[in-house]
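Here is how the chains run, residue by residue.
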Amino acid sequence: NTLKMSAESAAAAAPAAGGKSESFAFNADITQLMNLIINTFYSNKEVFLRELISNSSDALDKIRFQSLSDKSILGEAKELKIDIIPDPKNNTLTIQDSGIGMTKEDLINNLGTIAKSGTKQFMEAIKAGADVSMIGQFGVGFYSAFLVAERVTVESKNNDDDVYRWTSDAGNSFKIEAVPDSDLKRGTRITLQLKDDQLSYVEEKTLKDLVKKHSEFIGFPISLWVTKTEEKEVDDDEDEEDGDDDDDDKPKVEEVKSEKTEKKKKTITEEKSDWEVLNKQKPIWTRAKDEIKKEEYAAFYKALTNDWEEHLAVKHFSVEGQLEFKALLFCPKRAPFDLFEGKKKKNNIKLYVRRVFIMDNCEDLIPDYMSFVKGVVDSEDLPLNISRESLQQNKILRVIKKNIVKKSIEMFKEIAENKEDYKKFYEAFAKNIKLGIHEDSANRKKLADLLRYNSTVCVNEVTSLKEYCGRMKKEQKNIYYITGESRKVVEQSPFLEKLKKKGYEVLFMVDPIDEYAVQQLKEYDEKKLICVTKDGLKLEMTDEEKKKKEDEAAAFEDLCKKMKEILGDKVEKVILSDRLSTSPCCLVTGEFGWSANMERIMKAQALRDNSMTSFMVSKKTLELNPEHSIVKELRVRFQNNAQDQTVKDLVWLLFETSLITSGFSLPEPTTFAGRIHKLIKLGLSIADNDDEEVVAAEEAKKEDDDDVPPLENQGEDMEDVD
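## A word on the overall build of the chain
Each helix and strand in the chain was counted, giving 26 helices and 22 strands. The buried share of the chain, reckoned over its 722 residues, is 47%. Relative to all contacts within the chain whose residues are 6 or more apart in sequence, the contacts with residues 24 or more apart total 73%. Total accessible area on the chain is roughly 38100 Å²; 48% of this is exposed by carbon and sulfur atoms.

As structure tokens, then:
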């Protein structure tokens, strides 16, 4: 019966001999549409199969709905299915369904004489540069058959009418005729006489790939008529015939030959044809999540993504009410190698409308920072006349996006409940979370809960901001953090000295993207995030400490002025520090400019904008530790002789070492090295006659012994500078 149907489908491309046919003119809009389809070059002609299968699915949905109230409607054709029959010999492709079918009147009206409302809209969209793949979304998907076919024949049988055949060569008219001897019980059979340059659509592999891509989750079985070649061993008949010709007088010899013949085999090639179901992977998102096992989710994830590993987490949900859609989201275990490549696909969410694939590159379905989330969204409410352009502006899509983001964050928080799983997740996707904090203002607070950092308290383990707040001291009002190149660098930073002494925890932010994220994350749980390398660090002080600071400020005022005079525009000001306890000095940046680490990051940008750099680089403030022996001795030296060249060199040396310890790069490393060499010579009492500066220093030494630091103190000072 199947073979008969296959043969008939090929024959159906030509009108039945002797059948009385009626001709009808296409509606003017449809004629224009047909001309547009036939005479314009489109690269993605493959959409025709998706459209025809979708139409078949709709027809099957209708008959299934009717059968709920009256089972007799199904009649003999109880199986609801879609069959695809390629015929390479006749260059035809047939798509057949056992759906509701069309009456003669339906064929005339639906396929030619009455234009759908979407016909004009589709043509306008095409002229505006839209893609032909959205043809079905305007309700005129049937005509996409003419992208690949020079003649289309439609046989259809509705329960209320006989079988009728619709035929068109894509001209201005079509023919309708009765087919009294058709084997069609109910449904529609569309036969495409393919164009000479479109014969790839009778190839088994092409058809399988197209069904997998566009129609894998159609709710009815889609079967392809496939022909397979098999090799088979059979008895060698020729030898048997030779045995029969032997002399009848030698029965024993004949018997022996007969035995040999039975053992002798030959291999022949046989062709076998059979149905192969193409959409075995069922749309599990349509089922209740309580009924689905973990193994089923894993199998579906692998089929959807071609990943060889199972997923790390899954979120299965549905939204009902004014808007209806179902979604299944997966978080993979590893980040893809091209996660942040600009040219890669924007997201991995496939959009379906009533289980028909629409697109997998809808940029507004999920934000960029969540591009690693994979899954499907199946909407019941997206209008059929939705184009890629109008899709971006569609309100329903915005609601879907909002829900996907919300549920994805919930999924990440569920992963966080298991420390080991979250460690894997955070190693792979920490950058994405931080990028989300930078970009997604609406979900910034929720994403902040997912951040994890090392700190002065949690050196080997990571801590969340929530855990940090739980450990804060009573008098502590802010969350403190430091940014830098690596954990090793920030652990030894002079900026942490006073904070450690007071027992305040400081977070280590050593990922370059932390600098961008923390610019947007101004506070957490109503507590400000304060960078300890910038201005604005105000630690709580007692009255005694405040009084002591005022006295020190007065005592060191002249030194600060003199150092500012020596350093000139290298620093904005020189002040006494609240943040140092063991280091002599450090350089801090403005509260609203770049930190030293950000400056380093921006300088490393290959395509940086120098005008932006000059605008954002902060003025530096040199902070002195008034309790450090070097600073105390410098004050004494300047009081004794404000013009001492050696002491001026020490000021420059302090400034340059502060650049290094504060995370800046040295603008003139050679000059810095020269100062070090000079101090080494001074420490070793070496006079270099070729070095005019050293000679001048030696002469100054003879004139005024008071300007020379005592030898033992000099050694200590150099050690401190080191």
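## A look at the pairing of strand β7 (residues 187–194)
Most of β7 sits out of view: eight of its eight residues are buried. Residues Gly187, Arg189, Thr191 and Gln193 point to one face of β7 and Thr188, Ile190, Leu192 and Leu194 to the other, with burial holding for every one of them. Sheet analysis places strand β3 (residues 92–97) next to β7, joined by six bridges and oriented antiparallel. Within the sheet, the bridge partner assigned to Ile95 lies in β7 and is Ile190. Two strands pair when backbone bridges link them, and strand β4 (residues 149–157) and β7 are joined in this way by eight bridges, in the antiparallel orientation. Counted as the bridge partner of Arg151 is Gln193 from β7.

## A look at the sheet that holds strand β13 (residues 356–359)
Consider a sheet: its strands pair through backbone hydrogen bonds, and that pairing is either parallel or antiparallel. Spatial strand order, β10-β11-β14-β12-β13: five strands in an open sheet with mixed pairing. In this open sheet, the two strands that pair with only one neighbour each are β10 (313–319) and β13. Here the strands of the sheet are splayed against their neighbours by 20° on average, with no regard to which way each runs. One ladder, built from seven bridges, connects β10 with strand β11 (residues 325–331); its direction is antiparallel. When the bridges of β11 are listed, Ser318 appears paired with Lys326. Its contacts with the sheet place helix α11 (residues 395–416) against β10, β11, β12 (348–353) and β14 (374–379), and it is angled at close to 145° to β10.

## Brief notes about unusual backbone geometry
Its identity is not glycine, yet Glu526 carries a phi of approximately 65°, on the positive side. Unlike most non-glycine residues, Ser685 shows phi in positive territory, near 55°. Within the secondary structure, Ser685 is located in the loop between α24 (669–683) and α25 (692–703). With relative accessibility at 61%, the residue Ser685 sits in the exposed group.

## Regarding the pattern of salt bridges
For the structure on display, the rule yields 37 salt bridges. In this structure, Lys549 engages Asp578 in a salt bridge whose closest nitrogen and oxygen atoms are separated by 3.0 Å. Residue Lys549 is found in helix α18 (residues 543–555), and its partner Asp578 is found in the loop between β20 (573–576) and β21 (585–588); the two are separated by 29 residues along the sequence. The salt bridge involving Asp649 is made with Lys678; its shortest N-O contact spans 2.4 Å. With Asp649 in helix α23 (residues 645–661) and Lys678 in helix α24, this residue pair connects regions lying 29 residues apart in the sequence. For Asp649, a relative accessible area of 14% puts it in the buried group. Here the salt bridges share partners, and the residues they tie into one network are Glu155, Arg165, Glu177, Asp183 and Arg189.

## Describing the sheet that holds strand β1 (residues 21–25)
Reading across the sheet, the nine strands line up as β1-β6-β5-β4-β7-β3-β2-β8-β9 and stay open at both edges, with mixed pairing between neighbours. Two strands bound the open sheet, and with one partner strand each, they are β1 and β9 (265–277). The average undirected angle you get between the axes of adjacent strands in this sheet is 20°.

## A few points about a negative patch on the surface
On the surface, a cluster of negative charge is made up of Glu150, Asp169, Asp196 and Asp197. Along the chain, Glu150 falls in strand β4. Among the residues examined, Glu150 registers a relative accessible area of 42% and is labelled partly exposed.

## A word on the packing of aromatic side chains
All chains considered together, the criterion is met by 22 aromatic pairs. Between Trp166 and Phe174 the ring centres are 5.6 Å apart and the planes differ by 25°, which places this aromatic pair in the stacked class. Taken together, the aromatic side chains of Phe24, Phe26, Phe142, Tyr143, Trp166 and Phe174 make up a single cluster linked through ring pairs. The ring of Phe317 carries the charged tip of Lys407 above its face, separated from the ring centre by 5.5 Å.

## Comments concerning helix α2 (residues 28–39)
In this model, α2 (twelve residues) spans 16 Å end to end at C-alpha, consistent with the 16 Å of a helix rising 1.5 Å per residue. Three or more residues of α2 are buried, namely Asp29, Ile30, Thr31, Leu33, Met34, Leu36 and Ile37. Put simply, Asn27 is the residue that caps the front of α2, since its side-chain oxygen is 2.7 Å from the backbone nitrogen of Asp29.

## Concerning the nonpolar core
Judged by nonpolar contacts, the single largest core of 76 residues is most densely connected at Cys331, Val373, Phe412, Phe425, Tyr480 and Val532. Non-local contacts of Tyr480, meaning those with residues more than four positions away in its chain, are made with Tyr468, Leu499, Tyr504, Glu505, Val506, Leu507, Ile530, Val532, Leu537, Lys538 and Leu539. Counting residues in hydrophobic clusters, the runner-up holds 58 residues, among them Leu49, Val154, Tyr201 and Ile218.

## Notes on the packing of α23 against α24
Following both chains from N to C, one finds α23 and α24 inclined at 130°, their axes separated by 10 Å at the closest point. The angle between the axes of α23 and α24 places the two elements in the oblique class. Handedness of the α23/α24 crossing: left-handed. Taken together, the residues of α24 that come into contact with α23 (itself represented by Thr646, Asp649, Leu650, Trp652, Leu653, Glu656, Thr657 and Ile660) are Thr671, Phe672, Arg675, Ile676, Lys678, Leu679 and Leu682.

What counts and what doesn't
- Residues numbered from 1 in each chain as written.
- Predicted model: local features only at pLDDT ≥ 70, side-chain atom pairs only at ≥ 80, totals over all residues.
- Heavy atoms only, no water.
- Helix = DSSP H or I, 4+ residues; strand = E, 2+ residues; numbered from the N terminus.
- Buried < 20%, exposed > 50% of the residue type's maximum accessible area, 1.4 Å probe, protein only.
- Contact = heavy atoms within 4.5 Å.
- Areas by Shrake-Rupley, 256 points an atom, 1.4 Å probe, with all protein chains shown as cover.
- Pairing = 2+ DSSP bridges.
- Axes fitted to C-alpha atoms, helices over the stretch in contact; angles between N-to-C directions.
- Salt bridge = Lys/Arg side-chain N within 4 Å of Asp/Glu carboxyl O.
- Patch = residues over 30% accessible without salt bridge, like charges linked within 9 Å, V, L, I, M, F, W, Y side chains within 5 Å.
- Lys, Arg positive; Asp, Glu negative; His and termini not counted.
- Charge placed at Lys NZ, Arg CZ, Asp CG, Glu CD.
- Phe/Tyr/Trp six-rings, centres within 6.5 Å; stacked < 30°, edge-to-face > 60°.
- Lys NZ or Arg CZ within 6 Å of the ring centre and 35° of its normal.
- Expected span 1.5 Å × (residues − 1).
- Polar contact = N/O pair within 3.5 Å; in protein donor to acceptor, adjacent residues only side chain to side chain.
- Core = buried A, V, L, I, M, F, W, Y, C linked by side-chain atoms within 4.5 Å.
- Parallel < 35°, antiparallel > 145°, perpendicular 65-115°, else oblique.
- Left-handed = near helix turned anticlockwise from the far one by under 90°.

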